[in-house]
Number of protein chains: 2
Amino acid sequence: MKVEHINPFLKAVASTFSTMLGAKSKRGELSLGDPRKRKFPISGIIGLSGEASGMVVINLSEEVAMKAASKLLMEEQTKINDDVIDAVGELANMIAGQAKAELTEYNLSISLPSVVTGEGHEVRFPSNNPPLCVPFETDLGPLFLEVGFETAEVAAGA
Amino acid sequence: MKVEHINPFLKAVASTFSTMLGAKSKRGELSLGDPRKRKFPISGIIGLSGEASGMVVINLSEEVAMKAASKLLMEEQTKINDDVIDAVGELANMIAGQAKAELTEYNLSISLPSVVTGEGHEVRFPSNNPPLCVPFETDLGPLFLEVGFETAEVAAGA
């Protein structure tokens, strides 16, 4: 994927955290490739497609997931229940939705989200479409963003 | 999701296994809802979007993944390496692609696939969009298909 395509996703994380969660966020260094082991046990996953194909993964600790869900639901969450899982999917949905709104030239639409849980789970991308990976420090704690994105010309030629 | 929307996915599994893997498959009973614990440690995940939003999960044992990869790559695979992971993503891609071709009224396109690994991982769908779940017995072994699918009118009203 091209580095320029990551920017709408970086902005989307910052703006979602700021607007929806009232939390500041600061991004760390971009890296290309598949880190295999997610650091955290919860991953929100959502696909984008149209004249490009993408996949967004937000990887969170239980603590960050519960804090984010508490803000979104306006009710303190103290364990990983269906509401917290739904909130993580919704967070992925909001981030993908905002990025989509900046990538208008690709006529993207977004899939249903899914949320993976499990200590030590790995989410892998196709080895010919390695994702860009970006850690964030936020007021709610750390999170890890991964985005795979390929324009239709590239996908068709792959 | 509506039961009628699962049929293109059921046909897509059967036809992908038959055409691409030279394997017969037989579907078991349909159930609605989220079984939480996947039975198997490998899940291929791919999104669909357009005038509907979907997510397809194929859940496989290591054995089925290696056998499928061996067929696709025309080379015996004996461990879960990048090639096998890529093959599982490609399998999800082929199944979603065939289903998409039958669901033309929704102008669907498909996202990048991702593949989750990890004993005991769970893939959860939004609780207001529970997936339809279908076990398959195939010549390569058992697999488990889950499909979430919501038409745009439903999604907009959600």
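It should be emphasised that the depicted structure is a prediction, and the values quoted were computed from it without experimental measurement.

Digging into the interface of chain B and chain A
And then number 1: In this complex, chain B contributes 34 residues to the contact, which on the side of chain A involves 34 residues.
And then number 2: Buried surface at the junction of chain B and chain A, summed over both partners, amounts to about 2700 Å²; 53% is from carbon and sulfur atoms.
And then number 3: Joining chain B to chain A, the criterion identifies two salt bridges.
And then number 4: Taken together, chain B and chain A are joined by 15 residue pairs in polar contact (both at pLDDT 80 or more).
And then number 5: Looking at the side of chain B that touches chain A, the elements that each hand over two or more residues are β3 (42-49), β4 (52-60), α3 (82-102), β5 (109-110), β6 (114-117), β7 (122-124) and β9 (141-151) of chain B.
And then number 6: The class makeup of the residues in the side of chain B that touches chain A is 14 nonpolar, 14 polar and six charged.
And then number 7: Strand direction decides the pairing type here: strand β7 (residues 122-124) of chain A and β6(B), joined by three bridges, are antiparallel. Looking at the pairing, Val123(A) lines up with Val116(B) of β6(B).

Quick look at the side chain of His121(B)
All names here are of chain B.
And then number 1: Position of His121 among the secondary structure elements: in the loop between β6 and β7.
And then number 2: For His121, the side chain forms a polar contact with the side chain of Ser43, separated by 2.7 Å.
And then number 3: A polar contact of 2.8 Å, which involves the side chain of His121, links it to the backbone oxygen of Gly118.

Description of the pattern of salt bridges
And then number 1: Overall, the coordinates contain eight salt bridges over all chains when judged by the stated rule.
And then number 2: With a shortest N-O distance of 3.7 Å, Asp82(A) and Arg124(B) are connected by a salt bridge. Highlighted residues: Asp82(A) in helix α3 (residues 82-102) and Arg124(B) in strand β7, drawn from two different chains.
And then number 3: Each of the salt bridges in this network shares a partner with another, and the network as a whole consists of Asp82(A), Glu122(B) and Arg124(B).

Observations concerning the relation of the copies chain B and chain A
Note that the two copies of the chain are related through a rotation about an axis and a translation along the same axis.
And then number 1: By a simple turn and slide, chain B fits onto chain A: the slide is 0.0 Å along the axis, the RMSD is 0.0 Å, and the turn is 180 degrees. Such a combination of turn and shift is consistent with a two-fold rotation axis. Minimal C-alpha distance to the rotation axis in chain B is attained by Gly47(B), lying at 2.4 Å.
And then number 2: Interface overlap between copies: 100% of the residues of chain B at the interface are likewise at the interface in chain A, consistent with a symmetric, same-surface contact.

A look at helix α2 (residues 62-73) of chain B
What sets the pattern is the α-helix's 3.6 residues per turn: residues three or four places apart point alike.
Residues and elements named next belong to chain B.
And then number 1: With twelve residues, α2 extends 16 Å from end C-alpha to end C-alpha; this agrees with the ideal 16 Å at 1.5 Å per step.
And then number 2: By the burial criterion, the buried members of α2 are Val64, Ala65, Met66, Ala68, Ala69 and Ser70.
And then number 3: Packed against the buried residues of α2 are α1 (7-21), β3, β4, α3 and β9.
And then number 4: Met74 occupies a position one or two residues after α2 and carries a positive phi of about 50 degrees.

The rules behind the values
Residues numbered from 1 in each chain as written. Chains lettered and ligands numbered in written order. Predicted model: local features only at pLDDT ≥ 70, side-chain atom pairs only at ≥ 80, totals over all residues. Heavy atoms only, no water. Contact = heavy atoms within 4.5 Å. Buried area = accessible area lost by both parts, 1.4 Å probe. Salt bridge = Lys/Arg side-chain N within 4 Å of Asp/Glu carboxyl O. Polar contact = N/O pair within 3.5 Å; in protein donor to acceptor, adjacent residues only side chain to side chain. Helix = DSSP H or I, 4+ residues; strand = E, 2+ residues; numbered from the N terminus. Nonpolar A, V, L, I, M, F, W, Y, C, P; charged D, E, K, R; others polar. Pairing = 2+ DSSP bridges. Least-squares fit on C-alpha atoms with pLDDT ≥ 70 in both. Expected span 1.5 Å × (residues − 1). Buried < 20%, exposed > 50% of the residue type's maximum accessible area, 1.4 Å probe, protein only.

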